[in-house]
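Commentary on secondary and tertiary structure
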Amino acid sequence: WKDRGAAVSLRREVDAEGRTIIKSVKKGVRDFSFGRILGEGSYSTVFLATDRQTLREYAIKVLEKKHIIKENKIKYVNIERDTLNRLTEHPGIVRLYYTFQDETSLYYVLDLCTGGELLGVLKKTGSFDVECTRFYGAQILDAIAYMHSRGVIHRDLKPENVLLDDQMHVKITDFGTAKLLPDPRNPPPPEDPMRQNGSRHDERNASFVGTAEYVSPELLTDKAVGKPSDLWAFGCIIYQLLVGRPPFKAPTEYLTFQKIVSLEYEFPPGFPPAARDLVERCLVLDPARRLTVEHIRNHEFFDGQQFGPELWRTKAPRLR
Ligand SMILES: NC(=O)c1nn(CC2CCNCC2)c2c1CCc1cnc(N=C3C=CCC=C3)nc1-2
């Protein structure tokens, strides 16, 4: 595990001759006061934490080394670190400032999102109106476009992983199950063409499946995962913001999967027509025929909606 980012703190010490010296040391656990738990995963716990020197608040994700090794999760830890190292310049992605470790744990110092989960806000309001759905849909899409441009497929997009900052703007998180394609900014050296098939074959063996209600049909039928998988989840999220529940929901995961692969869902009366057209063109079984990010940006539902830097300077609409 190679720590990333060099955050240093200045420490006053007295040397052997009794002289006061100021040492710059890499920040560590002692530089933070840890507060409440924000969330717990299968191999990590996320704390609210305050930098004792700057008093700035962060979310610190703590991963216990022996648990990671015991549960054979080293691959996921490395994927998350590599993913966060790629996704460094977008307002819609939770930013990793730096990492450090001690003998028992690894620590990721991340953006704190004081607005909590989009799902929590949706539950409070029941459902969103078109204006709010368009704003949050546009921010989520902008973040997906950036991820995909950096060769990152999230694979588990859902309202629980869409957090909100203190401006109630979107911050997507939890990249431990992301799929990393070759980084377009520094592609790997050309491989032996004979090996190319091998990597495709590995992909089909991928064991990971996302959260039942948002998983794409291709992930269930032939384990193929690509950028369109995130756009299937996007279609599910747009539907859920307007209706208050996801399009595919059944008493068991298996029954939910059955509804997905047979495209068994319906729109309640009064569902806005432009949104319906958008959702119908995202929830297409064949990933090759699903709308792409570009298509969605130009879809009628987003008519008049800004994307790019302007979108992130816009005040979030009042939720109703
Ligand atoms: N898995 C993570 O990386 C992660 N998990 N959480 C908390 C989870 C709670 C359940 N739903 C998904 C997120 C965070 C992060 C990133 C960094 C991060 C930054 N801010 C918050 N803030 C929260 C504030 C109130 C309630 C939940 C989260 N949370 C996180």
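A brief look at the structure comes next. In this text, all values refer to a predicted model and were calculated from it rather than measured experimentally.

Moving on: the sheet that holds strand β11 (residues 170-172). Within the open sheet, the 3 strands sit side by side as β8-β10-β11. Their pairing is antiparallel. Here the strands that pair on one side only, and so sit at the sheet edges, are β8 (116-117) and β11. In this structure, β8 lies alongside strand β10 (residues 162-164), joined through 2 bridges in antiparallel fashion. For Gly116, the partnering residue across the bridge sits in β10 and is Leu164. Along the sheet, helix α4 (residues 130-149) contacts β10 and β11; its crossing angle with β11, the most-contacted strand, is approximately 35 degrees.

Looking at the ligand, there are 17 residues lining it, with Lys61, Asp111, Cys113, Glu117 and Thr173 nearest. For the ligand, a nitrogen atom lies 3.3 Å from a polar atom in the backbone of Glu160. When isolated, the ligand has an accessible area of 570 Å², and the protein chains bury 84% of it. Listed by contribution, the elements that provide at least two residues to the shell around the ligand are β3 (32-40), β5 (57-64) and β8. The element that contributes the greatest number of residues to the shell around the ligand is β3, accounting for 3 residues. Within the shell around the ligand, the residues separate by chemical class into 7 nonpolar, 4 polar and 6 charged.

This brings us to the environment of Ser262. Here Ser262 lies in the loop between α8 (253-261) and α9 (273-282). A C-alpha to C-alpha distance of 31 Å links Ser262 and Tyr76, two positions 186 residues apart in sequence.

With that settled, the discussion passes to the packing of α4 against helix α7 (residues 227-243). Relative orientation and spacing of two packed helices are given, respectively, by the angle between their axes and the distance between those axes. Relative orientation of the contacting elements α4 and α7 amounts to 165 degrees, with a least axis distance of 10 Å. Taken together, α4 and α7 sit at an angle that is classed as roughly antiparallel. Crossing geometry of α4 relative to α7 is assigned as right-handed. Along the contact surface, α4 presents Val130, Thr133, Tyr136, Gly137, Ile140, Leu141, Ile144 and His148, while α7 presents Lys227, Asp230, Leu231, Phe234, Ile237, Ile238, Leu241 and Leu242.

Now for the pairing of strand β6 (residues 96-101). Of all 6 residues that make up β6, 5 are buried, and the element is covered over most of its length. Inspection of the sheet shows β6 paired to strand β7 (residues 105-110) by 5 bridges, in the antiparallel sense. By the bridge assignment, Phe100 is partnered in β7 with Tyr107. Between β6 and β7, which pair antiparallel one after the other, the connecting turn spans 3 residues.

Turning to the pattern of salt bridges, a few remarks are in order. Charged atoms that come close allow side chains of opposite charge to pair. This model, assessed by the stated rule, comprises 20 salt bridges. Among the ionic pairs, Arg19 bridges to Asp15, the shortest N-O distance being 2.9 Å. Looking at Asp15, the relative accessible area reads 18%, which means it is buried. Between Arg313 and Glu310 there is a salt bridge whose closest N-O contact spans 3.1 Å. A residue pair is termed a helical-turn pair when its members lie 3 or 4 positions apart in one helix, as Arg313 and Glu310 do in helix α11 (residues 309-313) at 3 residues. Among the residues examined, Glu310 registers a relative accessible area of 33% and is labelled partly exposed.

Going through the model one piece at a time under the given rule, you end up with 0 disulfides. With no disulfide of its own, Cys113 lies closest to Cys132 among cysteine sulfurs, the gap being 19 Å. Overall, Cys113 belongs to the buried group, its relative accessible area being 12%.

The 5 strands lie next to each other as β3-β4-β5-β7-β6, forming an open sheet whose pairing is antiparallel. At either margin of the open sheet sits one strand with a lone partner, and together these are β3 and β6. Averaged over all pairs of adjacent strands, the angle between their axes in this sheet comes to 30 degrees, without regard to strand direction. With 6 bridges joining them, β5 and β7 adopt antiparallel strand pairing. Paired with Ile60 across the bridge in β7 is Val109. Where helix α2 (residues 74-86) meets the sheet, it contacts β5, β6 and β7, and its direction lies at approximately 25 degrees from that of β7.

Calculation rules
- Residues numbered from 1 in each chain as written.
- Predicted model: local features only at pLDDT ≥ 70, side-chain atom pairs only at ≥ 80, totals over all residues.
- Heavy atoms only, no water.
- Pairing = 2+ DSSP bridges.
- Helix = DSSP H or I, 4+ residues; strand = E, 2+ residues; numbered from the N terminus.
- Contact = heavy atoms within 4.5 Å.
- Axes fitted to C-alpha atoms, helices over the stretch in contact; angles between N-to-C directions.
- Near = heavy atom within 4 Å.
- Polar contact = N/O pair within 3.5 Å; in protein donor to acceptor, adjacent residues only side chain to side chain.
- Areas by Shrake-Rupley, 256 points an atom, 1.4 Å probe, with all protein chains shown as cover.
- Nonpolar A, V, L, I, M, F, W, Y, C, P; charged D, E, K, R; others polar.
- Parallel < 35°, antiparallel > 145°, perpendicular 65-115°, else oblique.
- Left-handed = near helix turned anticlockwise from the far one by under 90°.
- Buried < 20%, exposed > 50% of the residue type's maximum accessible area, 1.4 Å probe, protein only.
- Salt bridge = Lys/Arg side-chain N within 4 Å of Asp/Glu carboxyl O.
- Disulfide = S-S within 2.5 Å.

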